[in-house]
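# Reading the structure
Residues per chain are reported as follows:
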Amino acid sequence: MLEMKHFTIGFFLAFLTLQLHGFDDFPDVVTTDLDGLWAFLSDGAGEFGDAFFQPVEDCAGDCPEPWALATGDLNQNGMVDIVSANRLASHVSLHFGKGNGTFLSRTILPTNPSPYDVDLGDLDQDGDLDLAIACNYDPGAVEVRFNDGSGEFGELQVLHPGNQPFNGELADFNNDGRLDLAVTNNGSDSFTVYLNAGSGGVLELKKEIPCGDDPKPVKSGRFDDDGNLDLLIANTSRGEVRIFLGDGAGDFTQQRTYMTRGQPRDLAVVDLNGDGAQDFAVAAGRGTDYVSRFLNGGNGAFTGPVNFTTGPRPNSIDSADFNLDGKPDLVVANWSLDDPALSTMSLLLGDGSGGFPEKTDFRPPNGFRKFTSLAVGHFNAYRFRRGDANLDGKLNINDPIRILRYLFSGSTLPCLDSADVDDSGAVDLTDAIRLLEFLFLSGLPPAPPYTAPGTDPTADKLACRPD
């Protein structure tokens with residue numbers, strides 16, 4: 001009881017500090033506006049507090065209209081960055097995170113016309129994230145740009161997969177340990193598969209496969225029991241989602257079609273009911289105000305749809321555990337062309353069985369005009385060294401003493417995450433013991449990150465203060 005009492009007090013103090021300073025490791029959300037991005041910072045309890053605006057390009061008349069977003073650490077400094085594909089401006093913009101929910105000035109990379117999608121992945125296996133950009137003009141192109149490790153993108157490979165490539169997915173489709181690329185082509189009603197040749201990340205054409213009218217979003221997942229990656233593709237104008245089962249060699253055969261009504265605009269693949277099988281949710285698009293949920297019944301067969309209310313015209317969807325209850329939630333960008341006041345970001349909290357009984361709508365401050373897309377990222381994660389309980393930059397006897405004082409004398413800790421030596425999600429006596437054994441008895445080292453400062457690799461309710 002004493003241990004729990006002090007943990008509760010310590011957590012309250014840390015959480016209060018979090019509200020004052022804004023540093024944590026909770027999943028945040030970035031959304032698009034006509035001329036920039038909004039970063040919504042999560043409080044770890046299913047609410048969003050501050051929203052920070054990041055401009056893409058000033059616009060008096062025509063705006064760049066960011067359409068697709070990707071998040072990841074582009075310059076390997078431990079902080080999450082954002083890439084925006086700006087469909088009306090013929091460029092992508094890079095926004096480098098400062099670790100506090102705000103971003104440095106953007107870097108612009110010119111592209112072919114109409115960049116509608118951008119994906120991040122280590123194509124050349126050099127340890128950094130490269131770009132794959134789908135440009136949706138006629139006939140269209142996919143640009144692959146390679147990262148030099150510092151967030152600079154030089155060498156370029158241009159692919160021509162089919163007419164008007166719309167959306168891409170980077171994944172290993174032939175089980176060789178290298179990232180490949182699948183691209184939907186909504187102008188030729190097909191998707192194209194490129195396999196990674198392994199020579200500097202060069203992608204080579206495997207096959208173009210018909211997939212129905214107006215294919216747009218594509219996501220990968222393991223939907224049957226053979227262990228190979230499969231594809232999920234939404235044919236927007238037909239109101240349907242098709243599953244293509246992979247053979248493990250980079251080829252796909254159509255398995256089933258599921259009707260969603262509306263005009264599906266985006267997909268999220270996630271285990272929604274905790275049975276170990278991947279399910280999916282669909283942002284149902286124009287003419288609707290809901291997401292459709294499908295549960296995997298085994299061997300690639302799904303039950304559904306079951307619909308859950310959002311705002312009008314849900315256009316983009318992603319998933320994370322926003323209230324840290326161990327159950328996946330959904331977040332949706334609702335794009336209303338009729339009235340900007342109706343555009344919202346809807347958070348649907350999951351119950352762990354595939355249901356979403358709670359919905360909350362969010363909007364940024366004044367000046368906001370239109371949502372089209374969103375993505376999840378940890379934008380204000382504090383960087384610390386595990387075991388450095390007093391944040392002096394060292395691991396020594398002072399650190400387990402500080403943890404013990406916190407547990408038994410009511411003193412505070414500047415960073416609960418750094419004192420959680422075993423990364424269990426709680427600061428308790430085992431943390432002090434493990435640190436003592438590591439320092440003096442050749443015991444287990446602290447959980448990552450401990451060799452150098454980094455962010456918490458697991459989601460929990462512990463927090464740090466930056467001072």
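Residues numbered from 1 in each chain as written. Predicted model: local features only at pLDDT ≥ 70, side-chain atom pairs only at ≥ 80, totals over all residues. Heavy atoms only, no water.

## What about the pairing of strand 16 (residues 215–221)?
With six of its seven residues buried, strand 16 lies for the most part within the structure. In this sheet, strand 17 (residues 230–235) lies alongside strand 16 in antiparallel orientation, the contact comprising five bridges. Note that in strand 17 the partner of V218 across the bridge is I233. (Buried < 20%, exposed > 50% of the residue type's maximum accessible area, 1.4 Å probe, protein only. Helix = DSSP H or I, 4+ residues; strand = E, 2+ residues; numbered from the N terminus. Pairing = 2+ DSSP bridges.)

## Some remarks on the confidence of the model for the protein
This prediction gives the protein a mean pLDDT of 89; 93% of its residues lie at or above 70. Scored below 50 in pLDDT, residues 1–22 makes 34 contacts in the model with residues more than four places away or belonging to other chains. (pLDDT = per-residue confidence, 0-100. Contact = heavy atoms within 4.5 Å.)

## Comments concerning the packing of helix 2 (residues 398–409) against helix 4 (residues 429–440)
As a packed pair, helix 2 and helix 4 sit with axes 9 Å apart at the nearest point and diverge in direction by 165°. When the interaxial angle is binned, helix 2 and helix 4 end up roughly antiparallel. In the crossing of helix 2 with helix 4, the sense of the turn from one axis to the other is left-handed. Each of D399, P400, I403, L404, L407 and F408 in helix 2 lies in contact with helix 4, whose residues at this interface are L429, D431, A432, L435, L436 and L439. Classifying every residue of the contact of helix 2 with helix 4 gives ten nonpolar, no polar and two charged. (Axes fitted to C-alpha atoms, helices over the stretch in contact; angles between N-to-C directions. Parallel < 35°, antiparallel > 145°, perpendicular 65-115°, else oblique. Left-handed = near helix turned anticlockwise from the far one by under 90°. Nonpolar A, V, L, I, M, F, W, Y, C, P; charged D, E, K, R; others polar.)

## Topic: the sheet that holds strand 17
Hydrogen bonds between backbone atoms are what pair the strands of a sheet, whose relative direction is either parallel or antiparallel. Pairing is antiparallel in the open sheet, where four strands are placed in the order 16-17-18-19. Either end of the sheet is taken by a strand with one partner, and the two such strands are strand 16 and strand 19 (252–259). The average undirected angle you get between the axes of adjacent strands in this sheet is 25°. Relative to strand 18 (residues 240–246), strand 17 runs antiparallel, the two being bridged by five bridges.

## Considering the pattern of salt bridges
Going through the model one piece at a time under the given rule, you end up with 14 salt bridges. Linking R238 and D213 is a salt bridge whose minimum nitrogen-to-oxygen distance equals 3.5 Å. Linking R238 in the loop between strand 17 and strand 18 with D213 in the loop between strand 15 (203–210) and strand 16, this pair joins segments that are 25 residues apart in sequence. Since its relative accessible area comes to 43%, R238 is described here as partly exposed. (Salt bridge = Lys/Arg side-chain N within 4 Å of Asp/Glu carboxyl O.)

## Some details on the side chain of D172
Within the secondary structure, D172 is located in the loop between strand 12 (165–171) and strand 13 (180–185). The side chain of D172 is buried and forms no salt bridge, while R222, the nearest opposite charge, is found at 6.7 Å. There is a polar contact of 3.4 Å between the side chain of D172 and the backbone nitrogen of N174. For D172, the side chain forms a polar contact with the main-chain nitrogen of D176, separated by 3.3 Å. Here D172 is in contact with G177, R178, L179, D180 and L229, once residues within four sequence places are set aside. (Lys, Arg positive; Asp, Glu negative; His and termini not counted. Polar contact = N/O pair within 3.5 Å; in protein donor to acceptor, adjacent residues only side chain to side chain.)

## As for the sheet that holds strand 7 (residues 107–110)
In space, the four strands of this open sheet follow the order 4-5-6-7, with antiparallel pairing throughout. Lying at the two open borders of the sheet, with one neighbouring strand each, are strand 4 (66–72) and strand 7. When the angles between neighbouring strand axes are averaged without regard to direction, this sheet yields 20°. As judged from the six bridges shared by strand 4 and strand 5 (residues 81–86), these two strands associate in the antiparallel manner.

## Here's the deal with unusual backbone geometry
It is generally the case that most residues other than glycine have a negative phi and that most peptide bonds are trans. For the peptide bond that leads from D138 to P139, omega is 15°, which places it in the cis range. Positionally, P139 belongs in the loop between strand 9 (130–135) and strand 10 (141–147). Put simply, G304 and P305 share a cis peptide bond, and its omega is 5°. Residue position: P305 is located in strand 23 (residues 301–309). With phi around 55°, L391 is a residue other than glycine that occupies positive phi space. If you trace the backbone, L391 turns up in the loop between strand 28 (374–377) and helix 2.

## Section: the environment of Y406
You can see Y406 is positioned in helix 2. You can call Y406 buried: its relative accessible area is 2%. It is 18 Å that separates the C-alpha atoms of Y406 and K394, two residues lying twelve residues apart in sequence.

## A word on the pairing of strand 10
Consecutive side chains along a regular strand alternate between the two faces of the sheet. Among the seven residues of strand 10, seven are classified as buried, and the element is accordingly described as predominantly covered. What you see with strand 10 is no split at all: A141, E143, R145 and N147 on one side and V142, V144 and F146 on the other are buried throughout. Bridge analysis of strand 9 against strand 10 gives five bridges, and the strand direction is antiparallel. From the neighbouring strand, C135 faces strand 10, where its bridge partner is A141. Where strand 9 folds back onto strand 10 in an antiparallel hairpin, the turn is made up of five residues, including G140, whose phi is positive at roughly 100°.

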